[in-house]
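Here's the letter readout for the chains.
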Amino acid sequence: MKPFIILFLSALMTLPTTAQTPAKERITLQHGSHGGKRTDAEMQRWREYGIGQFIHWGVYAIPGGQWNGKTSTGAAEWFRSSGLISKEEYDNLYKQFNPTDFDAKKWAKQAKQMGARYMIFTTKHHDGFCMWPSKYTDYTIAHTPYKKDIVKELVDAYTAEEIDVYLYFSIIDWNHPGYQSAPAGNDKDKARYEKFKAFTRNQLIELLTNYPATKGLWFDGSWDKAWIEESAWVDDLGEELRAMHPGLIIGSRFRADEKGNRHVDANGELIDDYDQRFERNLPADLKEVGGNDWDCAMTIPENQWGYHRDWSLSYVKTPYDLIEMAVKANSLDGNFVINFGPDGKGNIRKEETDIAKGIGDWTAVNGAAIYGTHHSLLEKQDWGYSTQKDSAIYLSVFNKPMNNLLRVKLPKSKNPNRIYVIEKARFLSTKEPAQINGNGKAGTYYRDKTGASYYDLIIPEKIQQTNQPFVIVIQLKEIDKKDQDAYQQAIT
Ligand code: FHN
């Protein structure tokens, strides 16, 4: 053998057999994540909401996506940029804003019936129009024919219904002369942007001062490079707001780290209290959630948040669709927020009213599968989603089995000599027990190679025939394998 081949082979033999991945070096950040998950009572309450209501309401509700006989296919709340209305016409719409049908108590009652435990309201969207009488601009509700403080009416009405209120606030403000999307290029622009920053800070302090019942701030439009570059200032502002309003909840859309990362910082850690990346898009599984708290805000039509007169432009979700999404969100440890876009007079459209009612009729019976729950011990199964609260496991069934037998796969015990069995099972709608096929006697359940067991629960005809998703709540028990048959006979 040639000497260089011998050298090469012996070098190969001295190499470690498994490749070592070097530990990722932590980047020192001043303005990244400020710690792990919050454990305080306010955040715990947030985690248990399950379902929320979003309301997008502003002067864009007057055109409702249409102007001079033309219809915008874009989002109605972006109508100022639709090209169908001049900026001047849009910026004068507020002079006609007079929602005489607005009844905050009626909205709050409807949200309560739907099962919303929190509500997020657009105090100011990208157009800069303020639904509260801000003293820092004239572009507010106080200068409309309506005059009354809409934010106050809503905070009071929803709080009275025990629905927590969160204030949506857009960083983008097309009405403020200092607002810029790109970082200032010269001193004049810098000075203008400083004024905009001071204005933004003042408005946020004003909101928390005027509406002390507010539980959190829901930021939007924070993707501009100009805002991202202000990471240190924004971080300080966040700390200031938290100090003045203990327990305040802020999601990941408020600020970036000093490297320009949004939502998660350069070390991959969540910025602020919960992840806001799942807009109109649910995560596929727990892995995607990464152990973080999160919410998903969802529109009823495809991408319309504000009032659009024409809902024929896209698929409109049904209560069934939205209930399924809400249960899925909770099975993955998130909250689900359903958006409403009232019209220019202050009415919630009939389609939304009917949808809210449909969801509410379901949550009134089956809400235990959502509120205060988290992902369950069970793995994801084809019939739907499972959630858990303490020892109760809720099986929410969206794909009904054709043969009236719901096959439920139970988890494998960590102890090889023990197995899980179903101790109790009942339907939430009828409160009747769910029977195990064959009473779970030998031959009527089976175990796979991994040791997981499967049971068939009998779906009675009257439940099978409804066109609604249904819920079975089960309690599991771990027993010695050798006792399984005797145990299953005992619970009949
Ligand atoms: O541009 C907005 C949009 O109009 C709407 O307000 C949504 C709600 O989350 N946020 C922005 C898009 O992400």
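Residues numbered from 1 in each chain as written. Predicted model: local features only at pLDDT ≥ 70, side-chain atom pairs only at ≥ 80, totals over all residues. Heavy atoms only, no water.

Chemist: Looking at this model, I keep getting lost on the pattern of salt bridges. Mind explaining?
Modeler: Note that side chains of opposite charge can pair when their charged atoms are close. According to the stated counting rule, one finds 29 salt bridges in the structure shown. Residue Arg-242 is joined to Asp-272 by a salt bridge in which the shortest nitrogen-to-oxygen separation is 3.2 Å. Taken together, the positions of Arg-242 in helix H8 (residues 231-244) and Asp-272 in the loop between strand E7 (249-250) and helix H9 (286-289) put the pair 30 residues apart, joining distant regions of the chain. Across the pair, Asp-272 and Arg-242 agree in class, each one buried. The structure contains a network of salt bridges with shared partners spanning Arg-38, Asp-40, Asp-235, Arg-242, Arg-255, Asp-272 and Asp-273. (Salt bridge = Lys/Arg side-chain N within 4 Å of Asp/Glu carboxyl O. Helix = DSSP H or I, 4+ residues; strand = E, 2+ residues; numbered from the N terminus. Buried < 20%, exposed > 50% of the residue type's maximum accessible area, 1.4 Å probe, protein only.)

Chemist: Where do I start with H8 in this structure?
Modeler: Note on helix geometry: an α-helix contains 3.6 residues per turn, so any two residues three or four positions apart are oriented the same way. Relative to the 20 Å expected for 14 residues at 1.5 Å per residue, H8 spans 20 Å between its end C-alpha atoms, a close match to the ideal helical length. Restricting attention to buried positions, one finds in H8 the residues Ser-231, Val-234, Asp-235, Leu-237, Gly-238, Leu-241 and Arg-242. The buried residues of H8 occupy an angular sector of 160° when projected down its axis, which confines them to one face. With respect to the buried face of H8, the exposed residues turned more than 90 degrees away are Asp-236 and Ala-243. Where H8 is buried, its residues contact helix H6 (187-210), strand E6 (216-220), helix H7 (225-228) and E7. (Expected span 1.5 Å × (residues − 1). Arc of directions from axis to C-beta. Contact = heavy atoms within 4.5 Å.)

Chemist: Whenever I open this one, the site of the ligand confuses me. Can you help?
Modeler: Every residue near the ligand is listed here: His-56, Glu-77, Trp-78, His-125, His-126, Tyr-168, Trp-218, Asp-220, Trp-223, Arg-253, Glu-279 and Trp-305. Between His-56 and the ligand, the recorded distance is 2.7 Å, taken from a side-chain N or O atom to an oxygen atom. Within the contact set of the ligand, a nitrogen atom lies 2.5 Å away from a side-chain nitrogen or oxygen of Asp-220. Protein chains shield 89% of the accessible area of the ligand, which is 320 Å² for the free molecule. By residue class, the composition of the shell around the ligand is five nonpolar, three polar and four charged. (Near = heavy atom within 4 Å. Polar contact = N/O pair within 3.5 Å; in protein donor to acceptor, adjacent residues only side chain to side chain. Areas by Shrake-Rupley, 256 points an atom, 1.4 Å probe, with all protein chains shown as cover. Nonpolar A, V, L, I, M, F, W, Y, C, P; charged D, E, K, R; others polar.)

Chemist: Help me understand the sheet that holds strand E4 (residues 118-124), please; the structure alone is not making it clear to me.
Modeler: Across a sheet, paired strands are connected by hydrogen bonds in the backbone, their directions being either parallel or antiparallel. Spatial ordering of the open sheet is given by E7-E6-E5-E4-E1-E9-E8, a layout of seven strands whose pairing is parallel. At either end of the open sheet lies a strand with only one pairing partner, and these are E7 and strand E8 (294-298). Pairing geometry for E8 and strand E9 (residues 334-340), over five bridges, is parallel. Bridging across to E9, Met-298 finds its partner in Ile-338. With respect to the sheet, helix H4 (residues 104-114) is in contact with strand E1 (51-55) and E9, its orientation differing from that of E1 by roughly 150°. (Pairing = 2+ DSSP bridges. Axes fitted to C-alpha atoms, helices over the stretch in contact; angles between N-to-C directions.)

Chemist: For this particular structure, what's the right way to read the pairing of E9?
Modeler: Strand residues, when the strand is regular, have side chains that alternate between the two faces of the sheet. With respect to burial, E9 is a largely interior element, seven of its seven residues being buried. Here E9 shows a buried face lined by Gly-334, Phe-336, Ile-338 and Phe-340 and a second buried face lined by Asn-335, Val-337 and Asn-339. The pairing of E1 with E9 spans five bridges and is parallel. Among the inter-strand pairings, Gly-52 is bridged to a residue of E9, identified as Val-337. The handedness of the E8 to E9 crossover, carried by helix H10 (residues 319-331), is right-handed. (Right-handed = clockwise from strand over helix to strand, strands pointing away.)

Chemist: What should I look at first to understand the nonpolar core in this one?
Modeler: Note on soluble globular proteins: their nonpolar side chains tend to be buried together. One finds Trp-57, Ile-150 and Tyr-158 to be the most contacted residues of the largest nonpolar core, which totals 94 residues. Top contributing element to this core by residue count: H6, with seven residues. Both domains that meet at this core, namely domain 1 (31-369) and domain 2 (376-491), each give it at least three residues. Contact partners of Trp-57, with chain neighbours within four places excluded, come to Phe-97, Pro-99, Phe-102, Trp-107, Phe-121, Thr-122, Met-131, Ile-150, Pro-342, Asp-343 and Gly-346. Within the second largest apolar cluster, 25 residues are counted, among which are Ile-393, Leu-406, Ile-419 and Ile-463. (Core = buried A, V, L, I, M, F, W, Y, C linked by side-chain atoms within 4.5 Å. Domains from an automatic or database assignment.)

Chemist: Help me out: how do you make sense of the sheet that holds strand E12 (residues 392-397) in this one?
Modeler: Taken in spatial order, the five strands make up an open sheet running E10-E11-E12-E17-E14, and their pairing is antiparallel. Lying at the two open borders of the sheet, with one neighbouring strand each, are strand E10 (374-375) and strand E14 (418-427). The pairing of E10 with strand E11 (residues 384-389) spans two bridges and is antiparallel. Residue pairing for E11: His-375 is matched across the bridge by Thr-387. Strand contacts of H10: E10, E11 and E12, with the helix running at about 50° to E11, the strand carrying the most contacts.

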